[in-house]
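What follows is each chain in one-letter form.
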Amino acid sequence: MARLSLDLLQQFVLVARHGKLSRAAEQAHLTVSALSHQMRQLEERLGRRLFERGPRGVTLTVEGCRLFEAVGEHFDGIEHALMRYRDYRHDALTLSASPGIMSSWLMPRLPVLVASHPELELNLQSSSTLVAFEREPVDCALRYGRGQWEGLHCERLFGEWLVPVAAPELVARMGDASHDDLSDWPLLGDPNPADRWRDWFQRFGGKLPARRVANFDSTDAARHAALEGLGVGLGRMVTSKSLIDAGRLVVLGHNYLPVPEAYWLVYPPRSQEHRGLQTFREWLLAEADDYCRRLPMKMPVAVAPED
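The structure contained in this document is the topic of the report that follows. Model, not experiment: these values are computed from the prediction.

A tally of regular secondary structure across the protein gives eleven helices and nine strands. Dimensions of the protein, computed from the C-alpha atoms along their principal axes, are close to 70 × 45 × 35 Å. Looking at the protein as a whole, 45% of its 307 residues are labelled buried. Within the protein, counting contacts between residues at least 6 apart in sequence, those at least 24 apart form 76% of the total. On the protein, roughly 16,700 Å² of surface is accessible, and the fraction owed to carbon and sulfur atoms is 52%. Mean positive and mean negative side-chain charge positions of the protein (36 and 40 charges, respectively) differ by 3 Å.

If you want it as structure tokens, here you go:
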């Protein structure tokens, strides 16, 4: 037991935090199968079952929870202590962003940044999981929310609007897409806990259907269902625009629903002096300002966050 590998315990902590072998394996720079083998090896060494494995990930057993409580905070302390000794490369920038904003808004604009700053090396992480800056070597992130992330510098980029979108095949089957009344259309559930469909019908009229054809736990899954013609999704305009421009999604009606959430550049205090971040930040804010100036005049003003 005294020779129990610290690597095994560190990998255990990663799996316990993320609840998914795939995410933990990515951070540990291992394959999923290799990490799974390591966790079974740890269970055999300890003589305890630490995880319950299921189709949606892994959950800790009672013994697993006890071990995580005992060792997790110590690894946090070690990682936090070592962060100050990280060898910063000011010509390299590690950025995390959700797949939606990464692929639809940021990626098409990056060639301009790379061409104008060839000295800057970008390390891009596409993930819906919020970065734990105190533990992960990430310099900044793009986040969607209300800008209330304690301990981080948060700079607002632009707001967001919701718009009903459907696949062309569904529009052809249902009829004219120009009408604003969606009462008879098959609706996809809104992943937002607030159920923004209620806000939509209250603001623009019509009868809210009693049920949805399907419900989802992520905006990416709901967008994919809309693309497949399953129903009408309440899409975010910023992340859906490329699909709309490509003709893969059709906007129904003429109304846009502003929401309190917005897109933000966030970074920890330790990144303030990072010259690569300073270059990226200056470019990003200019791009965001240009994007806002090009928005159609009919777009309503974004809703201010509630206190």
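The rest of the description comes next.
Bringing the environment of Ala 92 into the picture now. By the element assignment, Ala 92 lies in strand 3 (residues 92-97). Among the residues examined, Ala 92 registers a relative accessible area of 8% and is labelled buried. Excluding residues that lie within four positions of it along the chain, Ala 92 makes contacts with Leu 120, Glu 121, Asn 123, Asp 139 and His 274.

Grouped together as the largest cluster of nonpolar side chains are 38 residues, with contacts concentrated most on Leu 106, Leu 142, Phe 158, Phe 280 and Leu 284. Sort the elements by how many residues they give to this core and helix 11 (residues 275-293) lands first, with six residues. If we skip the residues at most four places from it in the chain, Phe 158 touches Ile 101, Trp 105, Val 238, Ala 262, Tyr 263, Ala 288, Tyr 291 and Cys 292. If you look at the next biggest cluster of nonpolar residues, it comprises 18 residues, including Leu 8, Val 13, Val 58 and Leu 67.

Once that is clear, we can look at the packing of aromatic side chains. Counting across every chain of the model gives eleven aromatic pairs. Seen from their ring centres, Phe 158 and Tyr 263 are 5.4 Å apart, and the 45 degrees between their planes marks the pair as tilted. Taken together, the positions of Phe 158 in strand 6 (residues 153-166) and Tyr 263 in strand 9 (residues 257-267) put the pair 105 residues apart, joining distant regions of the chain. Tyr 263 matches Phe 158 in its accessibility class, with the two residues each being buried. Members of the aromatic cluster, joined through ring pairs, are Trp 105, Tyr 144, Phe 158, Tyr 263 and Tyr 291. Stacked on the ring of Trp 149, the Lys or Arg Arg 143 has its end atom at 5.4 Å from the ring centre.

Let's shift gears to the side chain of Arg 23. If you trace the backbone, Arg 23 turns up in helix 2 (residues 21-28). When its relative accessible area of 13% is taken as the criterion, Arg 23 is described as buried. Dropping the residues within four chain positions of it, Arg 23 is found in contact with His 18, Ser 127, Thr 129 and Glu 136.

The geometry of helix 1 (residues 6-18) relative to helix 2 is characterised by a closest axis approach of 8 Å and an angle of 140 degrees between their N-to-C directions. The angle between helix 1 and helix 2 places the two elements in the oblique class. Like other packed secondary-structure pairs, helix 1 and helix 2 cross with a definite hand, here right-handed. From helix 1, Leu 14, Val 15 and His 18 reach across to helix 2, where they touch Leu 21, Arg 23, Ala 24, Gln 27 and Ala 28.

With that out of the way, let us pick up the pairing of strand 3. Regular strands have side chains that alternate between both faces of the sheet. When you tally the buried positions in strand 3, you get six out of six residues, the bulk of the element. Burial along strand 3 is two-sided: the residues Ala 92, Thr 94 and Ser 96 and Leu 93, Leu 95 and Ala 97 are all buried. Pairing of strand 3 with strand 4 (residues 121-126) involves six bridges; the strand directions are parallel. Each bridged residue has a counterpart across the sheet, and for Ala 97 the counterpart in strand 4 is Ser 126. Where strand 3 and strand 5 (residues 140-145) come together, three bridges link them in parallel fashion. Of the residues in strand 5, the one forming a bridge with Ala 97 is Leu 142.

Our focus in this paragraph is the packing of helix 2 against helix 3 (residues 32-46). Packing of helix 2 against helix 3 leaves a shortest axis separation of 9 Å and a crossing angle of 100 degrees. In terms of their interaxial angle, helix 2 and helix 3 are classed as roughly perpendicular. Contacts between helix 2 and helix 3 pair Leu 21, Ser 22, Ala 24 and Ala 25 from the former with Val 32, Leu 35 and Ser 36 from the latter. A breakdown of the residues in the contact of helix 2 with helix 3 according to their chemical character gives five nonpolar, two polar and no charged.

How each quantity is defined
Residues numbered from 1 in each chain as written. Predicted model: local features only at pLDDT ≥ 70, side-chain atom pairs only at ≥ 80, totals over all residues. Heavy atoms only, no water. Helix = DSSP H or I, 4+ residues; strand = E, 2+ residues; numbered from the N terminus. Buried < 20%, exposed > 50% of the residue type's maximum accessible area, 1.4 Å probe, protein only. Contact = heavy atoms within 4.5 Å. Areas by Shrake-Rupley, 256 points an atom, 1.4 Å probe, with all protein chains shown as cover. Lys, Arg positive; Asp, Glu negative; His and termini not counted. Charge placed at Lys NZ, Arg CZ, Asp CG, Glu CD. Core = buried A, V, L, I, M, F, W, Y, C linked by side-chain atoms within 4.5 Å. Phe/Tyr/Trp six-rings, centres within 6.5 Å; stacked < 30°, edge-to-face > 60°. Lys NZ or Arg CZ within 6 Å of the ring centre and 35° of its normal. Axes fitted to C-alpha atoms, helices over the stretch in contact; angles between N-to-C directions. Parallel < 35°, antiparallel > 145°, perpendicular 65-115°, else oblique. Left-handed = near helix turned anticlockwise from the far one by under 90°. Pairing = 2+ DSSP bridges. Nonpolar A, V, L, I, M, F, W, Y, C, P; charged D, E, K, R; others polar.

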